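Descriptive analysis of the structure
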Amino acid sequence: DAGVIQSPRHEVTEMGQEVTLRCKPISGHNSLFWYRQTMMRGLELLIYFNNNVPIDDSGMPEDRFSAKMPNASFSTLKIQPSEPRDSAVYFCASRVAGKSYEQYFGPGTRLTVT
Amino acid sequence: KNEVEQSPQNLTAQEGEFITINCSYSVGISALHWLQQHPGGGIVSLFMLSSGKKKHGRLIATINIQEKHSSLHITASHPRDSAVYICAVNPSGGSNYKLTFGKGTLLTVNP
């Protein structure tokens, strides 16, 4: 079975540009998480969806960040406009809520904003 | 103070050595996870524990709920075990979907 799929794997963009990160969770998983990882702050939860509905977006840094999950097999994380401090690795993870706490992580997207 | 503390932060070992990484947490939990991340790589779940002990190959994870402490052991370490090992917990209660992460332990195993 395919794991969590993220694209792109690497993104380099200039400050002010819009960036869209994509995630396809494991089929049958009903919960999806977006995380950001930096050297300074480690792994941080940005947003949590359950059954495609955003449940907790308290970790979204500011209005420049937005996330959507239009259906059970696709989610996006958008940054507009991007800033150099957004440079990080962004991970998507999914799980089956109500059945297990185990999360399955995607390979991550390494974002560099110059 | 972080809710999840790991020690040591960095660990260097020679191939074949027995390795222990420790994790202490300060909240009630529903589950504890050990994750592995190779340099520049993705995150892999090694273990999920809520009690007792689990073993997978050369890796063993234990948890003591009363003491709020978990250990990850690697027997007969190998250079391919070099990675960052991250402890994370699901707190008990309404936010149990969240993972609270430790800062990780960077393990280097030299041949």
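Values in this document were obtained by computation on a predicted structure and should not be read as measured data.

Procedures and definitions
Residues numbered from 1 in each chain as written. Chains lettered and ligands numbered in written order. Predicted model: local features only at pLDDT ≥ 70, side-chain atom pairs only at ≥ 80, totals over all residues. Heavy atoms only, no water. Helix = DSSP H or I, 4+ residues; strand = E, 2+ residues; numbered from the N terminus. Rg over C-alpha atoms; globule rule 2.2 N^0.38 Å. Buried < 20%, exposed > 50% of the residue type's maximum accessible area, 1.4 Å probe, protein only. Contact = heavy atoms within 4.5 Å. Areas by Shrake-Rupley, 256 points an atom, 1.4 Å probe, with all protein chains shown as cover. Lys, Arg positive; Asp, Glu negative; His and termini not counted. Charge placed at Lys NZ, Arg CZ, Asp CG, Glu CD. pLDDT = per-residue confidence, 0-100. Pairing = 2+ DSSP bridges. Axes fitted to C-alpha atoms, helices over the stretch in contact; angles between N-to-C directions.

**Some details on the overall build of chain B**
Within chain B one finds zero helices and 11 strands. The C-alpha atoms of chain B give 13 Å as radius of gyration, which agrees with the globular expectation for 111 residues (13 Å, within 12%). Within chain B, buried positions represent 44% of all 111 residues. For chain B, long-range pairs separated by at least 24 residues make up 55% of all intrachain contacts whose partners lie at least 6 apart in sequence. Carbon and sulfur atoms make up 50% of the accessible area of chain B, which amounts to about 5200 Å² in all. Side-chain charges of chain B comprise 9 positive and 6 negative groups, with the mean position of each set lying 8 Å from the other.

**Considerations on the confidence of the model for chain B**
In this model, chain B carries an average pLDDT of 94, and 99% of its residues clear a pLDDT of 70 or more. The spread of mean pLDDT over the elements of chain B runs between strand 10 (residues 100–101) of chain B, the lowest at 93, and strand 8 (residues 69–74) of chain B, the highest at 98.

**Here's the deal with unusual backbone geometry**
Cis geometry is adopted by the peptide bond preceding proline 81 of chain A, which originates at glutamine 80 of chain A and carries an omega value of -5°. Within the fold, proline 81 of chain A resides in the loop between strand 8 (74–79) and strand 9 (88–95). Cis geometry is adopted by the peptide bond preceding proline 8 of chain B, which originates at serine 7 of chain B and carries an omega value of -5°. Its place among the elements puts proline 8 of chain B in the loop between strand 1 (4–7) and strand 2 (10–14).

**Some thoughts on the sheet that holds strand 7 (residues 59–64) of chain B**
Residues and elements named next belong to chain B. Read across the sheet, five strands follow the order 1-3-8-7-6 without closing on themselves; strand pairing throughout is antiparallel. Two strands lie at the open edges of the sheet, namely strand 1 and strand 6 (53–56), each paired on one side alone. Direction aside, neighbouring strands of the sheet carry axes that sit 15° apart on average. In this sheet, strand 8 lies alongside strand 7 in antiparallel orientation, the contact comprising six bridges. Across the sheet, residue threonine 62 finds its bridge partner in strand 8, namely serine 71.

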